[in-house]
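In case you want the letters, here they are:
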Amino acid sequence: TADAQTRRPAAKAAARPAPAKPAPKASVYYDFKGARLGMTRAEWREVTPPIETSMTTGKAPVRIWCSDDKLPDGKPAQSVYGKVDTALGIVACSYGQLNGIGTYQYISQAWVKVGDYGTSDATFKFLDDKLVEISIGGHKNLLSEVLEGLSAKFGPSDVTVNDTTQNKMGATFPHIEKKWVNPVATISVEAPYTKIDNMNVTFQTTDYTARWVAKDKEISPAASKM
């Protein structure tokens, strides 16, 4: 009857298949010119140094200098900056030349090739004898070379932020951040970084980042209140 038909349940729409989940990102220990995160210090020493020889000056040979190496006066050849890295037992290394006169001697960092340019600000950090961080700073002119190289090697960035920043005089400048992220490592690029005309690219293992944060909370527990 008509009344029965009105009480008949409506036909259910066919269920749509759930959207496919994106494939998990592969675990990649990113590298800079063969210096791969996670490798031992001995393995890193075997990597061909990416030195810009045309910008190398002085008679002293370029070699690896680390914070556990000593200068003739007994002082560390490199510095470990920050209380957290010091507490973790980080060993910082770079390519450099021994310079100075008499008892006054110091290390000048060698120029490392980045694209068609170079920088004398490249530090490699080791924790428990494993390479956990590569930090490369330089003039903002390096940015396009860095981004082009990283994109060609590791694909498009996972995070991109384009905004602005100001200097002390209130002038506004473009600011960019890009990140490559996977389960075991990250790459972070930022420009400007500490000055309006510089930039930085940092490679880090996820394990080191977690240990750094945990040690920072241990050393400064009150900091987590804010």
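Residues numbered from 1 in each chain as written. Predicted model: local features only at pLDDT ≥ 70, side-chain atom pairs only at ≥ 80, totals over all residues. Heavy atoms only, no water.

**Notes on the pattern of salt bridges**
Next, step 1: Using the criterion set out here, one finds 8 salt bridges in the structure.
Next, step 2: Between Lys-153 and Asp-31 there is a salt bridge, and its shortest N-O distance comes to 2.8 Å. In this pair, Lys-153 is assigned in helix H4 (residues 143–154) and Asp-31 in strand E1 (residues 31–32), connecting sequence segments 122 residues apart.
Next, step 3: Judged by relative accessible area, which is 45%, Lys-153 ranks as partly exposed.
Next, step 4: According to the relative accessible area criterion, Asp-31 is buried, its value standing at 18%.
Next, step 5: The partner of Glu-52 in a salt bridge is Lys-113, with the nearest N and O atoms 3.3 Å apart. Residue Glu-52 is located in the loop between helix H2 (41–45) and strand E3 (63–66), and its partner Lys-113 is located in strand E6 (residues 112–114); the two are separated by 61 residues in the primary sequence.
Next, step 6: Overall, Glu-52 belongs to the buried group, its relative accessible area being 13%.
Next, step 7: The exposure class of Lys-113 is partly exposed, given its relative accessible area of 31%. (Salt bridge = Lys/Arg side-chain N within 4 Å of Asp/Glu carboxyl O. Helix = DSSP H or I, 4+ residues; strand = E, 2+ residues; numbered from the N terminus. Buried < 20%, exposed > 50% of the residue type's maximum accessible area, 1.4 Å probe, protein only.)

**A short note on the nonpolar core**
Next, step 1: Formed by 38 residues in total, the largest nonpolar core has its most connected members in Trp-44, Phe-124, Ile-134, Leu-150, Ile-187, Val-189 and Phe-203.
Next, step 2: The biggest single contributor to this core is H4, with 5 residues.
Next, step 3: Contacts of Phe-203, omitting those with residues within four sequence positions, involve Tyr-30, Asp-31, Phe-32, Leu-37, Val-132, Glu-133, Ile-134, Ile-136, Leu-150, Thr-186 and Ile-187.
Next, step 4: Formed by 6 residues, the second largest nonpolar core is a distinct cluster that contains Leu-88, Leu-127, Val-132 and Tyr-208. (Core = buried A, V, L, I, M, F, W, Y, C linked by side-chain atoms within 4.5 Å. Contact = heavy atoms within 4.5 Å.)

**Concerning the confidence of the model for the protein chain**
Next, step 1: Scored by pLDDT, the protein chain has a mean of 87; 87% of the residues are at 70 or more.
Next, step 2: Per-element averaging of pLDDT across the protein chain places helix H1 (residues 2–7) at the bottom with 48 and strand E2 (residues 35–36) at the top with 98. (pLDDT = per-residue confidence, 0-100.)

**So, the side chain of Glu-133**
Next, step 1: On the secondary structure map, Glu-133 appears in strand E9 (residues 130–139).
Next, step 2: Within the local environment of Glu-133, its side chain forms a polar contact with the side chain of Gln-204, the two groups lying 2.6 Å apart.
Next, step 3: Each residue touching Glu-133, except ones within four places of it in the same chain, is listed here: Leu-37, Thr-123, Phe-124, Lys-125, Thr-202, Phe-203, Gln-204 and Tyr-208. (Polar contact = N/O pair within 3.5 Å; in protein donor to acceptor, adjacent residues only side chain to side chain.)

**What about H4?**
Next, step 1: For H4, spanning 12 residues, the distance from its first C-alpha to its last is 16 Å, which sits close to the expected 16 Å at 1.5 Å a residue.
Next, step 2: Residues of H4 that are buried make contact with E1, E6, E9, strand E11 (172–181), strand E12 (185–191) and strand E13 (198–205).
Next, step 3: Positive backbone phi, at 85 degrees, marks Gly-155, one or two positions downstream of H4. (Expected span 1.5 Å × (residues − 1).)

**Brief notes about the pairing of E11**
Next, step 1: Bridging between strand E10 (residues 159–166) and E11 involves 8 bridges; their strand directions are antiparallel. By the bridge assignment, Val-159 is partnered in E11 with Lys-179.
Next, step 2: Hairpin connection, E10 to E11: the antiparallel pair is bridged by 5 residues, and Gly-170 has positive phi, about 90 degrees.
Next, step 3: Pairing analysis gives 6 bridges linking E11 to E12, with the strands arranged antiparallel. Opposite Trp-180, over in E12, you have Ile-187 as the bridge partner.
Next, step 4: The antiparallel pairing of E11 with E12 creates a hairpin that spans 3 residues between the two strands. (Pairing = 2+ DSSP bridges.)

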